[in-house]
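Descriptive analysis of the structure
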Amino acid sequence: MGNTVALALAEHVSLIELAAPCEIFGVDRSPLTNSWYDFIICGSENARVGGWFRPDGYRSLDELVTAHTVIVPGSPNTPGKQPADLVEAVRAAHDAGARIVSVCAGAFVLAAAGLLDGRRATTHWLYADLLAARYPHVNVDPDVLYVDDGDILTSAGKLAGIDMCLHLVRLDYGAAVANDLARRLIMPPLRDGDQAQFITPLATQGIDHALAELLPWVKAHLDEPLTVVDLARRVNMSTRTLSRHFNAVTGKTPLQWLLTQRIQQAHELLETSSYSIEQIAAQTGMGTAATLRRHFSRAVGMPPDAYRRAFRAGQVPVKFRPVAQQESRGEALPQAS
């Protein structure tokens with residue numbers, strides 16, 4: 001099975017939902033790592049892209065069973081009756097051990113195959129109520145970008161699918177490679193799955209949003225015992241106003257966002273450096289090794305020591321769970337266990 005990624009095409013698949021996996025998994029990334037994915041496209045005879053053209057050289061849906069990862073994009077017709085050949089092929093691939101991934105309304109195909117029963121999943125917020133009504137055994141969460149449930153991953157709208165694809169790269173090749181790829185794509189290096197699908201915009205949101213200078217500064221000073229009060233003072237805001245801006249720009253409280261950055265930096269240091277756990281705790285602002293272990297284990301699903309061993313042995317962690325939600329307070333986060 002190797003590390004083959006197969007894109008499963010149905011009739012009138014959305015162009016951007018086809019293009020994003022092709023760009024991330026189908027382009028040679030040898031400058032980033034020694035190996036990359038083998039990428040194939042499989043489809044039925046009537047597969048069309050955006051209703052405009054038919055891809056050349058794609059393979060039969062029967063070949064999905066040979067893939068390590070199968071990606072099912074959505075289409076305007078996806079919420080309707082699901083193509084039986086696609087549903088059967090996706091189910092067979094999962095039975096053969098493939099990791100199954102849906103983008104946007106592609107979740108309807110997974111649900112029709114019975115792969116989402118008893119699981120938490122997401123789709124575009126426009127289709128969430130329909131998915132929940134049609135498949136009542138699926139725990140539909142309409143408020144997140146993507147859901148990683150181990151061997152099944154689902155994402156919201158088209159751009160959330162790009163976030164999820166980068167998340168897969170992070171799982172398979174590590175944080176450093178995923179971050180480098182994100183920079184090449186001019187993308188944020190990490191938007192965790194529990195971020196809201198849509199965020200109430202501020203008038204200043206965009207390149208010149210109110211946190212445009214603060215966020216890079218915080219990332220450069222993660223080793224310091226920062227508090228919400230410290231951050232508010234730096235931008236001459238009240239803590240209440242700062243929290244409102246953080247929610248509008250990032251979808252998180254200041255401390256939720258800060259913890260995500262610290263864990264992300266710990267990820268990269270564990271993968272790329274020989275620093276001890278104590279040194280990484282200091283560099284990421286966790287304070288002590290015990291605090292780093294506690295927060296990292298809760299976010300990632302394994303302690304930092306075990307994660308480093310698994311990464312160096314070439315073993316993919318089972319799951320990158322989103323950082324636990326924490327309340328916004330004025331104390332430093334985290335500095336003591």
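The structure under discussion appears in the preceding block.
A brief structural summary. (Residues numbered from 1 in each chain as written. Predicted model: local features only at pLDDT ≥ 70, side-chain atom pairs only at ≥ 80, totals over all residues. Heavy atoms only, no water.)

1. Some details on the overall build of the protein
Along the backbone of the protein there are 13 helices and eight strands. Looking at the protein alone, contacts between residues at least 24 apart form 67% of all its contacts between residues at least 6 apart. For the protein, the accessible surface area stands at approximately 14,800 Å², while carbon and sulfur atoms represent 51% of it. (Helix = DSSP H or I, 4+ residues; strand = E, 2+ residues; numbered from the N terminus. Contact = heavy atoms within 4.5 Å. Areas by Shrake-Rupley, 256 points an atom, 1.4 Å probe, with all protein chains shown as cover.)

2. Regarding the packing of aromatic side chains
Applying the stated criterion across every chain, the model contains seven aromatic pairs. Look at F25 and Y37: their rings are 4.9 Å apart centre to centre, the planes differ by 90°, and that puts the pair in the edge-to-face class. Placement of F25 in helix α1 (residues 15–25) and of Y37 in the loop between α1 and β2 (38–43) is noted, with a sequence separation of 12 residues between them. Relative to Y173, the ring of W36 has its centre 5.0 Å away and its plane inclined at 25°; by these criteria the two rings are stacked. Note that W36 is positioned in the loop between α1 and β2 and Y173 in helix α5 (residues 158–173), a separation of 137 residues in sequence. The exposure class assigned to Y173 is buried, which follows from its relative accessible area of 13%. Taken together, the ring pairs connect F25, W36, Y37 and Y173 into an aromatic cluster. (Phe/Tyr/Trp six-rings, centres within 6.5 Å; stacked < 30°, edge-to-face > 60°. Buried < 20%, exposed > 50% of the residue type's maximum accessible area, 1.4 Å probe, protein only.)

3. Some words on the sheet that holds strand β1 (residues 4–9)
Here six strands make up an open sheet; going across it, the order is β2-β1-β3-β4-β8-β7 and the pairing mixed. In this open sheet, the two strands that pair with only one neighbour each are β2 and β7 (146–148). Averaged over all neighbouring strand pairs, the angle between strand axes comes to 15°, with direction disregarded. Of the pairings in the sheet, the one linking strand β4 (residues 99–102) to strand β8 (residues 152–155) comprises three bridges and is parallel in character. By the bridge assignment, I100 is partnered in β8 with I152. Against the sheet, α5 engages β4, β7 and β8, with an angle of about 150° to β8. (Pairing = 2+ DSSP bridges. Axes fitted to C-alpha atoms, helices over the stretch in contact; angles between N-to-C directions.)

4. Quick word on the packing of α1 against α5
Direction vectors running N to C along α1 and α5 enclose 20°, while the axes themselves pass 9 Å from each other. Overall, the two elements α1 and α5 adopt an arrangement that is roughly parallel. Both α1 and α5 take part in a crossing whose hand is right-handed. The residues of α5 that touch α1, namely those facing I16, E17, A20, P21, I24 and F25, are K158, L159, I162, C165, L166, L168 and V169. (Parallel < 35°, antiparallel > 145°, perpendicular 65-115°, else oblique. Left-handed = near helix turned anticlockwise from the far one by under 90°.)

5. Section: α5
Helix length check: α5, at 16 residues, gives a terminal C-alpha distance of 23 Å against a target of 22 Å (1.5 Å per residue), a fit within 8%. Of all 16 residues in α5, 14 are buried, a share of seventy percent or more. (Expected span 1.5 Å × (residues − 1).)

6. Structural notes on the pairing of β4
Because side chains alternate across β4, one face comprises the buried residues R99 and V101, and the other comprises I100 and S102, equally buried. When strand β3 (residues 69–72) meets β4, the two strands line up parallel, connected through four bridges. In the sheet register, V72 faces β4, and the bridge partner there is S102.

7. As for the nonpolar core
If you look at the biggest cluster of nonpolar residues, it comprises 33 residues, and the most contacted ones within it are L64, V70, V90, I100 and L116. By size, the runner-up hydrophobic cluster in this structure holds 32 residues, among which are V13, C104, Y146 and I162. (Core = buried A, V, L, I, M, F, W, Y, C linked by side-chain atoms within 4.5 Å.)

8. Focus: the packing of α5 against helix α6 (residues 175–184)
Viewed as axis vectors pointing N to C, α5 and α6 meet at an angle of 145°, and their least axial separation amounts to 7 Å. Each of L166, V169, R170 and Y173 in α5 lies in contact with α6, whose residues at this interface are A175, V177, A178, N179, L181 and A182. Looking at the contact of α5 with α6 residue by residue, the class counts come to eight nonpolar, one polar and one charged. (Nonpolar A, V, L, I, M, F, W, Y, C, P; charged D, E, K, R; others polar.)

9. Notes on the environment of D143
Structurally, D143 is set in the loop between β6 (139–140) and β7. Since its relative accessible area comes to 51%, D143 is described here as exposed. Spatially, the C-alpha atom of D143 lies 7.3 Å from that of W125, the residues being 18 residues apart in sequence.

10. Description of the side chain of T69
In this fold, T69 is placed in strand β3. By relative accessible area, which is 1% here, T69 ends up buried. Reaching out from T69, the side chain makes a polar contact with the side chain of H68 at a distance of 3.0 Å. Aside from chain neighbours lying at most four places away, what touches T69 is T4, V5, A6, R99 and V101. (Polar contact = N/O pair within 3.5 Å; in protein donor to acceptor, adjacent residues only side chain to side chain.)

11. Observations concerning unusual backbone geometry
The backbone of C104 shows a phi angle near 55°, a positive value even though the residue is not glycine. You can call C104 buried: its relative accessible area is 4%.

12. As for the pairing of β8
Residue alternation in β8 divides its side chains into two sets, I152 and T154 and L153 and S155, and both sets are buried. In this sheet, β8 lies alongside β7 in antiparallel orientation, the contact comprising three bridges. Bridged to V147 within β8 is T154. Where β7 folds back on β8, the antiparallel hairpin that results is connected by three residues, among which G150 adopts a positive phi of roughly 80°.

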